[in-house]
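Topology and contacts: notes
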Amino acid sequence: MSFPEQLAARAPAWGISPGGCREHGRAARQGLFGRKIEATPPRSVRLPRNMAPGMEKNDESAAPAPDSTGYLVDDLVVDLGQRRVTRDGNDIPLPNLSFQLLVTLARSAPDVVTFDQLIARVWPGLVITPETISQRVKLVRDALGDDPHSPRYIAGVRGSGYRMVATVRPLKERRRPAPGQELPYWVKPAEATGPDAPAATPTSAAEVSAKSDATATAPVAAPHPAAWVGALLIIAVLLAAPWAITRFLHGTGPTDSGAAGTGVVVVQPARTIAVLPLLDMSPDGSSAYLGDGLAQELSARLARLPGVRVAARTSAFAFRNRSADARTIAQTLGVRHILEGSVHREGDRLRVTAQLIDGTSGYDVWSQTYNRTWQDLMAIEDELARSIIGSLRVVLSSDLAQQTTRPPTTHVAAFDLYLTGLAQLQGPGRAALDEAGESFRRALAEDPKFALAYAGLCERYAMGYEKQRDTALIPQAESACNEALKLDPSLREVSAALAHLYLVSGRYEQAVAMYREAISADPDNCDGYVGLGEAVDAQHRTADAEAAFRKAVEVEPTYWGAQNALGNFLFRHGRTRSAIATYRRVTELIPASALAFNNLGAALEFSGDFQGAAAAYDRSLALEPSGSAYSNSGTVYYFLGRYADAARMFTRATELSARDHRMWGNLADALWQIKGSRDEAQSDYRRAIELAHKSLEVNARDAITWSQLGHYSARSRDGSDIPRYTREALQLNPDDPNVRYYLALTALELGDQGAALESLSRAVQLGYPAQLVRAAPDFASLRGDARFQHLLAQADSPPAG
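Residues numbered from 1 in each chain as written. Predicted model: local features only at pLDDT ≥ 70, side-chain atom pairs only at ≥ 80, totals over all residues. Heavy atoms only, no water.

Right, let's talk about the overall build of the chain for a bit. Helices and strands together make up the secondary structure of the chain, namely 31 helices and 16 strands. Looking at the 801 residues of the chain, the share that counts as buried comes to 60%. Across the chain, every contact between residues at least 6 apart in sequence was considered, and the portion connecting residues at least 24 apart equals 71%. Looking at the chain as shown, the accessible area adds up to about 30800 Å², and 51% of this sits on carbon and sulfur atoms. (Helix = DSSP H or I, 4+ residues; strand = E, 2+ residues; numbered from the N terminus. Buried < 20%, exposed > 50% of the residue type's maximum accessible area, 1.4 Å probe, protein only. Contact = heavy atoms within 4.5 Å. Areas by Shrake-Rupley, 256 points an atom, 1.4 Å probe, with all protein chains shown as cover.)

Pairing is antiparallel in the open sheet, where 3 strands are placed in the order β6-β8-β7. The outermost strands of the open sheet, each flanked by one partner alone, are β6 (112-114) and β7 (154-157). Pairs of neighbouring strands in the sheet enclose a mean axial angle of 30°, with direction left out of account. Set on the sheet, helix α2 (residues 115-122) makes contact with β6 and β8 (161-164); between it and β6 the angle comes to about 75°. Strands in contact with helix α3 (residues 130-144) are β7 and β8; relative to β7, the strand with the most contacts, it is inclined by about 155°. (Pairing = 2+ DSSP bridges. Axes fitted to C-alpha atoms, helices over the stretch in contact; angles between N-to-C directions.)

What follows concerns the sheet that holds strand β9 (residues 168-171). Strand order in this open sheet of 5 strands is β5-β4-β3-β2-β9, and the pairing throughout is antiparallel. Here the strands that pair on one side only, and so sit at the sheet edges, are β5 (90-91) and β9. Summarising the sheet, strand β3 (residues 76-79) and strand β4 (residues 84-87) pair through 4 bridges and their orientation is antiparallel. Directly across from Val77, in β4, lies its bridge partner Thr86.

Take the environment of Ala775 next. Among the secondary structure elements, Ala775 is positioned in helix α30 (residues 770-775). Residues Ala775 and Phe639, spaced 136 residues apart in sequence, show a C-alpha to C-alpha distance of 5.5 Å.

The next thing to look at is helix α20 (residues 594-606). If you check α20, its first and last C-alpha atoms are 19 Å apart, about what 13 residues at 1.5 Å a residue would give, namely 18 Å. Burial runs high along α20: 13 of the 13 residues are buried. Of the residues trailing α20, Gly608 is marked for its positive phi of about 95°. (Expected span 1.5 Å × (residues − 1).)

Here we come to the side chain of Asn599. You can see Asn599 is positioned in helix α20. Only 3.3 Å separates the side chain of Asn599 from the side chain of Asn568, close enough to count as a polar contact. (Polar contact = N/O pair within 3.5 Å; in protein donor to acceptor, adjacent residues only side chain to side chain.)

Before going further, it helps to spend a moment on the nonpolar core. Ranked by internal contacts, the top residues of the largest apolar core, which has 179 residues, are Leu290, Leu339 and Phe779. It is helix α12 (residues 451-468) that provides the largest number of residues to this core, a total of 11 residues. Dropping the residues within four chain positions of it, Leu290 is found in contact with Val343, Leu350, Trp374, Leu377 and Leu419. Grouped together as the second largest cluster of nonpolar side chains are 30 residues, Leu105, Ile119, Val122 and Ile154 included. (Core = buried A, V, L, I, M, F, W, Y, C linked by side-chain atoms within 4.5 Å.)

Here we come to the packing of aromatic side chains. On inspection of all chains with the given rule, the structure shows 15 aromatic pairs. An angle of 65° between the planes, with centres 6.0 Å apart, marks the rings of Trp672 and Tyr685 as edge-to-face. Linking Trp672 in helix α24 (residues 661-672) with Tyr685 in helix α25 (residues 678-698), this pair joins segments that are 13 residues apart in sequence. Relative accessible area serves as the criterion here: at 0%, Tyr685 is assigned to the buried category. Members of the aromatic cluster, joined through ring pairs, are Phe571, Phe606, Tyr741, Tyr742, Tyr768 and Phe779. (Phe/Tyr/Trp six-rings, centres within 6.5 Å; stacked < 30°, edge-to-face > 60°.)

Next up on the list: the state of the cysteines. Between two cysteines, a covalent bond joining their sulfur atoms is known as a disulfide. Under the definition given, this model contains 1 disulfide. Disulfide partner of Cys458: Cys481, at an S-S distance of 2.0 Å. One disulfide, between Cys458 and Cys481, carries an S-S torsion of -70° and so falls in the left-handed class. Placement of Cys458 in helix α12 and of Cys481 in helix α13 (residues 473-487) is noted, with a sequence separation of 23 residues between them. For Cys458, a relative accessible area of 0% corresponds to the buried category. (Disulfide = S-S within 2.5 Å.)

The next thing to look at is the packing of helix α18 (residues 560-572) against helix α19 (residues 576-589). For the pair α18 and α19, the least separation of the axes is 8 Å and the interaxial angle reads 160°. Relative to α19, the element α18 is oriented roughly antiparallel. Considering the relative orientation of α18 and α19, their crossing is left-handed. In contact with Trp560, Gln563, Asn564, Leu566, Gly567, Asn568, Leu570 and Phe571 of α18, α19 contributes Ser578, Ala579, Thr582, Tyr583, Arg585, Val586 and Leu589. Tallied by class, the residues present in the contact of α18 with α19 amount to 8 nonpolar, 6 polar and 1 charged. (Parallel < 35°, antiparallel > 145°, perpendicular 65-115°, else oblique. Left-handed = near helix turned anticlockwise from the far one by under 90°. Nonpolar A, V, L, I, M, F, W, Y, C, P; charged D, E, K, R; others polar.)

Looking at the secondary structure, you find Ala300 in helix α5 (residues 288-303). Taking the C-alpha atoms as reference, Ala300 lies 8.4 Å from Val310; in sequence the two are 10 residues apart.

A few words now on the pattern of salt bridges. A full pass over the atoms with the stated rule returns 31 salt bridges. One salt bridge connects Asp358 with Arg336, and the closest N-O pair in it is separated by 3.2 Å. Of this pair, Asp358 sits in strand β15 (residues 349-358) while Arg336 sits in the loop between α7 (326-333) and β14 (337-346), and the two are 22 residues apart along the sequence. An identical accessibility class is assigned to Asp358 and Arg336; each is buried. One salt bridge connects Arg572 with Asp537, and the closest N-O pair in it is separated by 2.9 Å. You can see Arg572 sitting in helix α18 and its partner Asp537 sitting in helix α16 (residues 526-538), a full 35 residues away along the chain. (Salt bridge = Lys/Arg side-chain N within 4 Å of Asp/Glu carboxyl O.)

Here it is as structure tokens:
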């Protein structure tokens with residue numbers, strides 16, 4: 001039985017890439033200057049995004065009625081004093097502009113509020129297009145769960161504006177606490193409410209603590225059997241596609257939210273920024289890739305500027321739906337500025353809007369709208385980058401300025417396909433990787449000298465091998481990386497893709513050298529520390545590896561990829577309780593990640609909490625079905641003695657990851673326990689042997705695979721090479737608990753109980769959970785042995801002192 005394998009932090013799949021904190025924007029990204037751009041001039045008007053309702057400028061109608069402290073809008077409670085929107089007592093987070101828009105429509109209900117009136121009341125002093133208003137209405141509808149085709153709250157009036165169709169009644173009074181009664185932490189004192197007062201934000205530390213206490217005391221409900229579908233304890237090492245997902249966040253991360261009181265804003269350094277995905281406002285909704293790709297390209301380009309730090313793509317993209325206001329996003333990501341906006345494509349016409357927001361004050365620094373033809377895409381990206389650079393007051397040397405003006409390609413179609421590939425690279429499942437590879441190949445057909453497209457292709461193959469163990473992908477990755485290096489060795493994306501390839505193929509010395517070079521160039525390179533940690537850990541330099549992972553977390557404490565990498569390290573080294581705590585932090589940072597719940601489930605299962613593990617796997621599968629999740633879930637069935645159910649899960653895993661020997665080995669283990677199925681099991685063991693040998697052709701230093709080969713061979717009755725497999729595993733890593741576990745299974749199958757007990761004892765000493773040894777049916781023949789009973793009793797005894 002293959003146990004907790006870790007999924008690394010790769011962007012699309014794996015967990016944390018050995019390079020994976022922010023998105024490797026490592027290269028001297030070239031700019032896209034040289035094309036005349038006719039953009040709407042940047043405006044210097046600074047709009048206070050935290051302006052309280054009722055404080056709109058020059059608009060008497062916007063003032064709330066003296067006897068009203070808010071509104072009942074159907075089932076919504078809109079509280080003006082607390083600036084809260086609730087439904088059935090549950091908060092609905094709205095950014096400041098969204099709140100103002102909702103209040104404006106509620107005040108005028110049921111009348112139509114025209115576009116001009118909305119601009120005057122919500123965006124006073126700014127020239128705003130109807131497109132911007134439509135975008136903001138869409139955000140409000142999304143937050144409220146309102147359907148524009150059958151509106152419950154907000155209806156559009158073609159060519160005119162919008163109106164509130166829900167029943168609106170004023171709130172006559174708001175409950176006040178009795179004299180001397182302490183206000184709840186989420187309610188601001190009345191005197192703190194005003195146009196310049198920061199929005200009340202619950203301290204996340206308190207919320208997390210309360211949730212943790214509730215979780216600790218609440219009984220765990222037994223999950224329905226259908227929930228026990230999942231993965232081969234394969235801890236997702238989430239390799240956040242190093243080159244496509246990293247943005248070099250320099251400097252100190254945000255202050256612990258628990259240390260900041262409600263409404264306190266921690267002022268971040270001026271040259272820090274997060275680029276949020278640009279929302280797709282196209283009529284057919286087909287340009288989401290463009291908004292994502294432009295955001296990623298801007299992040300990569302800004303990341304190469306000296307003295308500028310850019311929030312991780314995966315961290316920034318977690319705010320895709322803008323469910324929090326700009327100040328909250330900035331504080332969460334530890335940056336001073338937020339770039340947000342939208343794209344609108346219709347035929348050959350393209351409109352891109354962008355706003356740079358000061359995350360401390362909530363004011364717009366500038367806002368621009370570009371109305372162009374599709375052929376001006378690269379010029380728009382270039383103008384955006386130059387505007388941001390100017391706003392951050394970055395002074396470029398002549399050499400760097402010259403590099404920045406050199407476009408990565410002069411072919412617009414190639415650039416569009418490259419952006420498409422970047423977006424697909426972040427998608428779930430094998431199909432997304434295949435689509436990304438096809439997009440990069442089509443980009444190269446348009447421009448055979450497009451180095452970034454070769455780097456993308458290299459990363460696609462490296463990620464594919466990492467997820468599927470398809471050895472045919474390694475030479476393809478090497479070929480693509482070599483072509484990229486020939487065209488432009490200075491590109492950070494190329495270096496990052498090559499370092500990742502070295503790591504997954506077992507060339508650890510080369511990987512270490514490249515990651516050290518990246519850290520030398522940027523001492524706050526989170527991805528560099530993660531990649532270095534993975535590489536030196538593979539060299540059995542445990543202390544150095546832990547130091548690298550903890551440095552990654554120190555550099556970027558709010559990035560889930562760094563936390564996931566640390567959790568994987570702790571898990572691999574038997575520190576299960578610490579790994580569980582770290583994985584829980586990952587699920588808090590990125591609650592929509594299947595990988596995060598898969599890894600948490602693996603750690604919980606190793607701790608003996610099968611119910612908790614089953615629930616985590618169920619959540620992982622609901623978010624994204626994967627071979628690892630099905631296989632891990634199958635192990636829960638296996639330890640509970642439900643072998644037919646386990647085999648069903650493992651079969652699904654082999655369908656999704658057909659070239660991964662671990663999936664076939666797990667399926668064979670389950671069939672081995674089912675009466676009358678051993679011939680089928682031996683066939684699957686032979687398939688696992690074939691795939692394991694192919695895996696070792698890529699990375700012959702994988703000690704666990706050598707030890708698994710011994711186990712597969714013993715049960716398939718092909719024992720001629722078992723001594724060599726055992727010898728290789730022990731030479732490579734004698735202190736890996738998984739290696740010792742498989743050697744125990746092999747010895748037991750060969751009839752050597754003494755050797756089996758010795759290896760098993762060593763596995764438990766090294767951190768292999770005694771509760772899994774006790775539950776495993778493989779050791780049933782040892783349960784009457786006094787030495788086996790003594791081994792478990794010792795493991796159960798608390799350590800002296």
